[in-house]
Amino acid sequence: MKGALAFFLIFLLAPICEAQSVFPVINRLDPTDTGFKQFMSDVQANRRRLAGARINLREAAENLTIYQYTVRQGEDILFLAARCNIPYSTLASLNRINNTTALSAGTVILLPSCPGIFIPQTIESDLEKILASARQFSEDAVELRIRERGTFRFIPGADFSPTERAFFLHSGFRFPLRTFRLTSPFGMREDPITGHLSMHRGIDLAAPEGTEVFAAADGVVTAIGEDPVYGIYIIITHSNRWTSLYGHLQRVETVLRSQVKSGTLIGRVGSTGQSTGPHLHFELRQDGRPFDPGGNLRH
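## Some points on the pairing of strand β7 (residues 150-156)
Each regular strand displays side chains that alternate between the two surfaces of the sheet.
Alright, step 1. With respect to burial, β7 is a largely interior element, five of its seven residues being buried.
Alright, step 2. Bridging between strand β5 (residues 116-120) and β7 involves five bridges; their strand directions are antiparallel. Each residue of the ladder has a partner; that of Ile117, found in β7, is Ile155.
Alright, step 3. Direction of pairing for strand β6 (residues 142-146) relative to β7: antiparallel, over a ladder of five bridges. Bridging from a neighbouring strand, Leu144 pairs with Phe152 of β7.
Alright, step 4. The turn joining β6 and β7, which pair antiparallel and follow one another in sequence, is formed by three residues; a positive phi near 65° is taken by Glu148.

Structure, rendered in structure tokens:
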């Protein structure tokens, strides 16, 4: 132990690691606070470990330290991340916070000393669905049980993808499907049709044919058409120069130039255009520039 306030996860030979029963408390985010001073020491040590050669998962997990802090007036998750030198993705995933406005004064949150992503066993939000789906085959996960928070898969050193980051930072959008499975994220990939490496300008959400597709935010339907690649598609124009595109639809359930609200039914999942099976191709663009949709959506 590094001191009376140090809190370490006890790792057993069993596949699920158990946490101790008490979280040491940080009263102030100030070096004069004993708990905060110890926490920052733990963070620096773990960052050195992660900056080294290939991550030793057991070592990273054994040195994970979790503290407890009560949020004060004016503090949000971005402030806490900067003050604690821990990515906001780590704080958000452990505390199951889905956007930057979710914290209020008096909220008790957990501060983990090791950067990484925590994926809960029981998925509740769209962000958690994306986290779990994108990392379902990760070999870098350690399973652990945290008191009063449940069981998580912890991936040391992991961070939000562009999709997840956009989802978290921009809470004005929601996912266009109620249930889905992420089959292709935003970014470079091997095209499933041509086999060539190309930029995928949206995300693919697999769902049964005929599944309802909803508007991701308030806006105006500015285009409805059919394209050799996108198949039957809809484009909605939103505020702040954002547009959203919904491709490979089976059919359209809205009309051109109609005003739609977030969550309005606009179409049905299909497999039109260049598609290997029923799914929704979803894009977000600002000023015409593709932006990772996963990070701009809310449940």
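## Concerning helix α4 (residues 88-95)
Alright, step 1. Most of α4 sits inside the fold, with eight of its eight residues counted as buried.
Alright, step 2. Those residues of α4 lying buried are Tyr88, Ser89, Thr90, Leu91, Ala92, Ser93, Leu94 and Asn95.
Alright, step 3. One or two steps after α4, the chain reaches Arg96, where phi turns positive at roughly 55°.

## Quick look at the packing of helix α3 (residues 77-84) against α4
When two helices pack together, their arrangement is captured by the angle between the axes and the distance separating the axes.
Alright, step 1. Their axes nearest at 8 Å, the elements α3 and α4 cross at an angle of 120°. One element, α3, and the other, α4, form an angle in the oblique class. The chirality of how α3 crosses α4 is right-handed. Contacts between α3 and α4 involve Ile77, Leu78, Leu80 and Ala81 from the former and Tyr88, Leu91 and Ala92 from the latter.
Alright, step 2. Looking at side-chain class alone, the contact of α3 with α4 contains seven nonpolar, no polar and no charged residues.

Rules behind the numbers
Within each chain, residue numbers correspond to sequence positions counted from 1 in written order. Predicted model: local features are reported for residues with pLDDT of at least 70 only, side-chain atom pairs are reported and counted for 80 or more only, and whole-chain, interface and lining totals are derived from all residues. Side-chain figures throughout are based on the complete set of non-hydrogen atoms in the structure, without hydrogens or water. Each residue's exposure class comes from its accessible area (1.4 Å probe, protein chains only) as a fraction of the maximum for that residue type: buried when under 20%, exposed when over 50%, partly exposed otherwise. Helix and strand definitions here come from DSSP, where helices need a minimum of 4 consecutive H or I residues and strands a minimum of 2 consecutive E residues; each element is numbered from the N-terminal end. Paired strands are those between which DSSP finds at least two bridges. Geometry is summarised by axes, namely lines fitted to C-alpha atoms with helices restricted to the contacting stretch, and by angles between N-to-C directions that run from 0 to 180 degrees. We call two directions roughly parallel when the angle between them is under 35 degrees, roughly antiparallel when it is over 145, roughly perpendicular when it lies between 65 and 115, and oblique otherwise. Note: crossing handedness is left-handed where the near helix turns anticlockwise from the far helix by less than a right angle, and right-handed where it turns clockwise. The contact definition used throughout considers only heavy atoms, calling two residues in contact when any of these lie within 4.5 Å. By the convention adopted, Pro, Cys, Tyr, Trp, Phe, Met, Ile, Leu, Val and Ala count as nonpolar, Lys, Arg, Asp and Glu as charged, and the other residues, Gly among them, as polar.

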